[in-house]
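Structural characterization, general
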Amino acid sequence: MEYRFPSELKYLQTHEWVRIEGNVASVGITDYAQHQLGDIVYVELPEVNTTLNKGSSVAEIESVKAVGELMMPLTGKIIEINNILADKPELVNSSPYGSGWMIKIEISDKSELNDLLSVEAYKEVVNAEKK
Amino acid sequence: MITDLKKTPLYDIHVKLGAKMVDFAGFSMPVQYESIIKEHEAVRTNAGVFDVSHMGEFLLEGKDVIDFLQYIMINDLNLLEPSKGQYSCMCYENGTVVDDLVYYEEAPDRFRMIVNAGNIEKDFQWLTEHIGTKNVKITNLSKERCRLAFQGPKSDEYLQSLVDVDLASINRFFFAHCNLSGIPIFLARTGYTGERGFEISFDNIHAKNVWGALINLGASPAGLGARDSLRLEATYSLYGHEINDSITPVEAGLFWLVKPKEGIDYIGKKILIKQKSQGTDRVIVGLNLLDRGILRENFKIFKDGEEIGYITSGGYSPTLKKTIGLGLIKKQFKEEGTQLEIEVRNKSLRGIVVPTPFYRNV
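Before going into details, it helps to say that this report is about the structure given with it. For clarity, every value in this text was computed on a predicted model and none was experimentally measured.

Before going further, it helps to spend a moment on the overall build of chain A. If you tally the helices and strands in chain A, you get three helices and nine strands. The C-alpha radius of gyration computed for chain A amounts to 14 Å, which stays within 12% of the reference 14 Å derived for 131 residues, consistent with globular compactness. Taken along the three principal axes of its C-alpha coordinates, chain A extends 35 × 35 × 20 Å. Put simply, chain A has 131 residues, and 52% of those count as buried. Partitioning the intrachain contacts of chain A with sequence separation of at least 6 by distance along the chain shows that 62% fall at a separation of at least 24.

Spelled out as structure tokens, the structure:
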């Protein structure tokens, strides 16, 4: 099984991806994560304007068989959520890096960006898990 | 880390198809090939093939088999006839369940029995230790034979092209010994999906040929994930969930299995007959959520803050496109339309008691 991991994104060990655009970070789960969960049937997203710390659980992702969590990759305020997922959670499966995005964060502390993984480092995490 | 998991004769095929393999009752089994929802839909609209070779298969022979089963089983063997199968439970003296299973009468002195994978050793021992002086011999065929479920609205049409028996002549719960592309098989019109279909069993050496023949007809491989979502929609009990060694069949809604069997003593009879006539303090009901979320096993159920039970099985229904669940609750809250609260991790969601089965097309 080959998974897609776009090189322009940053990653977390817990299988989130992060797209940085200025002061805003878009976040979703990786192709590997959506595949591990299987058919996603419900995503519970946070309220907009909530401020959360890096590493805290921000969303729940329910598949037919399992439940996963989305972790805050960075400390910040939730400024937008992907409301389309309420009716089309399957977008997380079909387009994990596109229309299946979950939240946008206003970054509080840019120094935390240094803790995110490069695509190469994340691929190693996935390879280690697959064994 | 996979250590010493048992493999069915089709293990290599599952891996080659890219299935996600999981430990189920000590077997490495495919939970899904590509998508549980697609496999579920294939069974509801076309046909699916499940490898259920992890399940147990016993042959019971001897002139006292019927007497023996009448003593062990809660259902009534007098309702059975040759070439027919029967669903039943065998229970402990306190009415809780050793296992639920299907047995087929091949002859008055020869029965084939299919039991749950996780209970094979326990069942074999339970049966053996209750034979006493009766003339019954039990053979465990589980490892020598391959078992497949072939389920879906097109299963008749597809299968008819391969077998030398008129499938229309086999009614639900009846079976035949016949040939599939020349391979001798046991074929029963039974299933666990709520859809018409068959369950077959045959010698291991033919496993890959039979699997390949069924797939070539246009059926989809279907894994344990779809098997579970299909049976939950159809509201079939799953051992370890709706029934186990602390829940009785009456509590689980299987009161229709408890037969009076006048003049015949059977294990668990006293308490089960009493429960059937007087009711039980707790019962299993169907549940939906009024809020968004997914019901899962073991979530606690409350009514006005008081804990009244728990979810025995829950999940997403691909057919109904919403969450469904079964809950074991105090009987006073079992009426349809009763609103309950269900603790979903850290929050409380509103649930409602609904009629079951959620979906069935047989």
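Read on for the rest.
Residue and element names in this part refer to chain B. The strand order across the open sheet formed by six strands is β10-β11-β12-β9-β3-β13, and the pairing between neighbours is mixed. In this open sheet, the two edge strands, each paired with only one partner strand, are β10 (175-180) and β13 (220-222). Here the strands of the sheet are splayed against their neighbours by 30° on average, with no regard to which way each runs. Inspection of the sheet shows β10 paired to strand β11 (residues 183-188) by six bridges, in the antiparallel sense. Bridged to alanine 176 within β11 is leucine 187. Against the sheet, helix α2 (residues 36-45) makes contact with β3 (48-51), β9 (145-151) and β13, and its axis sits at roughly 120° relative to β13, the strand it touches most.

Attention now goes to the packing of α2 of chain B against helix α7 (residues 224-234) of chain B. All names here are of chain B. Contact pair α2 / α7: the axes reach a minimum separation of 8 Å and the direction vectors enclose 55°. Accordingly, the angle class assigned to the pair α2 and α7 is oblique. Of the two elements, α2 crosses α7, and the hand of that crossing is right-handed. The segment α2 lies against α7, with Ile36, Glu39, His40, Val43 and Arg44 engaging Gly225, Ala226, Ser229, Leu230, Glu233 and Ala234. In terms of residue class, the contact of α2 with α7 is made up of five nonpolar, three polar and three charged.

The interface of chain A with chain B comprises 17 residues on the first partner and 16 residues on the second. For the pair chain A and chain B, the summed buried area comes to about 1400 Å², and 47% of that belongs to carbon and sulfur atoms. When the area that chain A buries against chain B is broken down by residue, the three leading residues are Asp39, Val64 and Lys65 of chain A, summing to 36%. There are 14 residue pairs in polar contact (both at pLDDT 80 or more) connecting chain A and chain B. At the level of elements, α1 (31-37), β4 (40-44) and β6 (57-63) of chain A are the ones that each hand at least two residues to the side of chain A that touches chain B. By residue class, the composition of the side of chain A that touches chain B is seven nonpolar, four polar and six charged.

In this description, a pair of aromatic rings is defined by centroid distance and the angle of the planes. Within this structure, the stated rule accounts for 14 aromatic pairs over all chains. Look at tyrosine 92 of chain B and tryptophan 126 of chain B: their rings are 5.0 Å apart centre to centre, the planes differ by 75°, and that puts the pair in the edge-to-face class. Placement of the pair is tyrosine 92 of chain B in the loop between β5 (85-91) and β6 (97-107) and tryptophan 126 of chain B in helix α4 (residues 120-129), with a sequence separation of 34 residues. Take tyrosine 92 of chain B: its relative accessible area is 22%, and that puts it in the partly exposed class. A network of ring pairs unites the aromatic residues Tyr3, Phe5, Tyr11, Tyr32 and Tyr122 of chain A as a single cluster. Of note, lysine 7 of chain B hangs over the ring of tyrosine 11 of chain B, and the distance from its end group to the ring centre comes to 4.5 Å. The ring of tyrosine 266 of chain B has lysine 261 of chain B sitting right over it, with the charged end atom 4.3 Å from the ring centre.

So, how was this worked out
- Residues numbered from 1 in each chain as written.
- Chains lettered and ligands numbered in written order.
- Predicted model: local features only at pLDDT ≥ 70, side-chain atom pairs only at ≥ 80, totals over all residues.
- Heavy atoms only, no water.
- Helix = DSSP H or I, 4+ residues; strand = E, 2+ residues; numbered from the N terminus.
- Rg over C-alpha atoms; globule rule 2.2 N^0.38 Å.
- Buried < 20%, exposed > 50% of the residue type's maximum accessible area, 1.4 Å probe, protein only.
- Contact = heavy atoms within 4.5 Å.
- Pairing = 2+ DSSP bridges.
- Axes fitted to C-alpha atoms, helices over the stretch in contact; angles between N-to-C directions.
- Parallel < 35°, antiparallel > 145°, perpendicular 65-115°, else oblique.
- Left-handed = near helix turned anticlockwise from the far one by under 90°.
- Nonpolar A, V, L, I, M, F, W, Y, C, P; charged D, E, K, R; others polar.
- Buried area = accessible area lost by both parts, 1.4 Å probe.
- Polar contact = N/O pair within 3.5 Å; in protein donor to acceptor, adjacent residues only side chain to side chain.
- Phe/Tyr/Trp six-rings, centres within 6.5 Å; stacked < 30°, edge-to-face > 60°.
- Lys NZ or Arg CZ within 6 Å of the ring centre and 35° of its normal.

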